[in-house]
Amino acid sequence: MSLQNTASSAAAATKDEYDNQYEQDMDQHNNGEGLDLEAPLTLRALVSTKEAGVIIGKAGKNVADLRDQTGVKAGVSKVVQGVHDRVLTVTGTIEGVAKAFALIAQTLLENPITSSPPTTPVNPLRPVAQTSSIRLLISHNLMGTIIGRQGLKIKHIQDTSSARMVASKEMLPQSTERVVEVQGTIDAIRIAIYEIGKCLVDDWERGVGTVLYNPSATTRMAGPGTGSYAPAAPAVGSRSNYTSRTGNGSDFTRSRPEAFGGQANSANMRTQEISIPADMVGCIIGKGGSKISEIRRLSGSRISIAKVPHDESGERMFTIVGTMESNEKALYLLYGQLEVEKDKRLNMSGDQMEDDEE
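Along each chain, residue indices are assigned from 1 in the same order as the chain's sequence is written. Thresholds applied to this predicted model are a pLDDT of at least 70 for local features of residues and 80 or more for the giving and counting of side-chain atom pairs; totals over whole chains, interfaces and linings are not thresholded and use all residues. Side-chain numbers here rest on the full set of heavy atoms in the structure, without hydrogens or water.

### Comments concerning the side chain of S299
Looking at the secondary structure, you find S299 in helix α9 (residues 290-299). Here a polar contact is taken to be a pair of N or O atoms separated by no more than 3.5 Å, where protein atoms must pair a possible hydrogen donor with a possible acceptor and residues adjacent in sequence count only if both atoms sit in side chains. There is a polar contact of 2.8 Å between the side chain of S299 and the backbone oxygen of I295. In what follows, a contact means two residues having at least one pair of non-hydrogen atoms within 4.5 Å. Beyond its immediate stretch of four places on either side in the chain, S299 contacts S326, K329, A330 and L333. Runs of E in the DSSP output that reach at least two residues are strands. Runs of H or I that reach at least four are helices, and both are numbered from the N terminus.

### Focus: the environment of A105
Here A105 shows up in helix α4 (residues 94-110). Residues A105 and I134 lie 29 residues apart in sequence; the distance between their C-alpha atoms is 6.9 Å.

### Things to note about the sheet that holds strand β5 (residues 164-167)
Pairing within the open sheet is antiparallel, and its 6 strands lie in the order β2-β3-β1-β4-β6-β5. Each having just a single partner strand, β2 (73-76) and β5 make up the two edges of the open sheet. Neighbour-to-neighbour, the strand axes of the sheet open up by a mean angle of 25°, direction not taken into account. Bridging between strand β1 (residues 41-48) and strand β3 (residues 85-92) involves 8 bridges; their strand directions are antiparallel. The partner of R44 across the bridge, within β3, is T89. Here, a strand pair is defined by DSSP locating no fewer than two bridges between the strands. Here an axis means a line fitted to C-alpha atoms, over the contact stretch when the element is a helix, while the angle between two N-to-C directions is reported on a 0 to 180 degree scale.

### Some thoughts on the packing of helix α2 (residues 49-56) against helix α3 (residues 61-70)
Helix packing for two helices is described by the angle between their axes and how far apart those axes are. Here α2 crosses α3 at 60°, and the two axes come no closer than 5 Å. Put simply, α2 runs oblique to α3. Counting all contacts with α2, which are made through V54, I55 and I56, the residues of α3 involved are K61, N62 and V63. Note that the term roughly parallel is reserved for angles under 35 degrees, roughly antiparallel for angles over 145, roughly perpendicular for angles of 65 to 115, and oblique for everything else.

### Some words on α9
Of all the residues in α9, the buried ones are I292, I295 and S299. Within α9, the buried residues cover an arc of 55° as seen down the axis, which keeps them to one side. Once α9 ends, the next one or two residues include G300, with phi positive near 85°. Only protein chains enter the accessibility calculation, which uses a 1.4 Å probe. A residue is then buried if its area is under 20% of the maximum for its type, exposed if over 50%, and partly exposed in between. The arc under discussion is defined with respect to the helix axis, by the directions toward the C-beta atoms.

### A short note on the nonpolar core
As used here, the term nonpolar core means buried Ala, Val, Leu, Ile, Met, Phe, Trp, Tyr and Cys residues forming a set that is joined through side-chain atoms within 4.5 Å. V90, F101, I104, I134, L136 and I138 are the most contacted members of the largest nonpolar core, which has 47 residues in total. Core analysis: the next-biggest nonpolar cluster, separate from the first, contains 18 residues, V281, C283, I295 and L338 among them.

### Overview of the confidence of the model for the protein
Each residue carries a pLDDT value, the predictor's own confidence for that position, ranging from 0 to 100. Confidence along the protein averages 75 in pLDDT terms, with 68% of residues attaining 70 or more. When pLDDT is averaged over each element of the protein, α4 comes out on top at 95 and strand β9 (residues 250-254) at the bottom at 38. Low pLDDT (under 50) marks residues 1-7, which in the prediction has 2 contacts with non-local residues, meaning those over four places away or in another chain. Every residue in residues 122-128 is under pLDDT 50, and counting partners more than four places away or in other chains gives 0 contacts.

### Topic: the packing of helix α8 (residues 278-285) against α9
Running from N to C, α8 and α9 point in directions that differ by 70°, and their axes come no closer than 5 Å. It follows that α8 is roughly perpendicular to α9 by the angle criterion. Contacts from C283, I284 and I285 in α8 reach S290, K291 and I292 in α9. Just so you know the grouping, Ala, Val, Leu, Ile, Met, Phe, Trp, Tyr, Cys and Pro go in nonpolar, Asp, Glu, Lys and Arg go in charged, and all remaining residues, Gly too, go in polar. Looking at side-chain class alone, the contact of α8 with α9 contains 4 nonpolar, 1 polar and 1 charged residues.

This is how it looks when you write it as structure tokens:
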């Protein structure tokens, strides 16, 4: 058997497993058990300007066909002069979103982007690349959901789909989103994104309050209910402008005028509150208040910290007052500091495990 036939057989087996899993998920859903497969999922991905053109198609034909075939809503952010990336947003059921991204990967595979014309003649016998990739934008608060305890979840997703997943270590500029690149065949990408989508819907509360990445360097806050995680409007049954506590720093955004720096109330001022785990408060404040003072200085927002926990969770409330831009900068810096501390503790625990083994 040739390598190509072997690969085809493996892909077919993987797809059969996916179909069986989807049927099981649907049976549970129809019986009122398991995950709500009809729950809306919004998943964003980073694409180049040229890729965006291919995805949209001539006169919008490709994206219109995508909507018709999958039932999703899909759109690409506007072109910004001097910026090479755009954001693709897809909203629909978990299965619809997974199918849509698979079709997008297929379209990109069939219409390869080349920076310059080939210098050598095309060899019709040369095998055409059969793999593609999608660069998903995932809230850093949801990365743990996708990775799972000791990496078991991401291993399961990769084993189930045969896709390869690579996550960036850093958050994107002025945001709390990270890139998760899904690489593989079209079927592998579809299966992997279906599994990722289930994780995101199942644990959506952790993504509320995400500062969404915008290639134009202007960020905005995510609301409840999406993969990055949120449509702009609150999900049905959610608590209006308030988010649920995540344990990783939740946002409670209130759009009301505030006095700032001794000045009169201004319609441009916003108050946002984030709930920080008690054991993380010290790392944000820093020695003698050095770190929180630096965050205040860099962002321009006023940040106050509750002296006592606000509920039984033991978490402390940070209140941020400033313009939308300054508050977003403050949130970015606060989340960044949390990430640094979490990585530091993770490394320390890893070293401790090695010492124990010795």
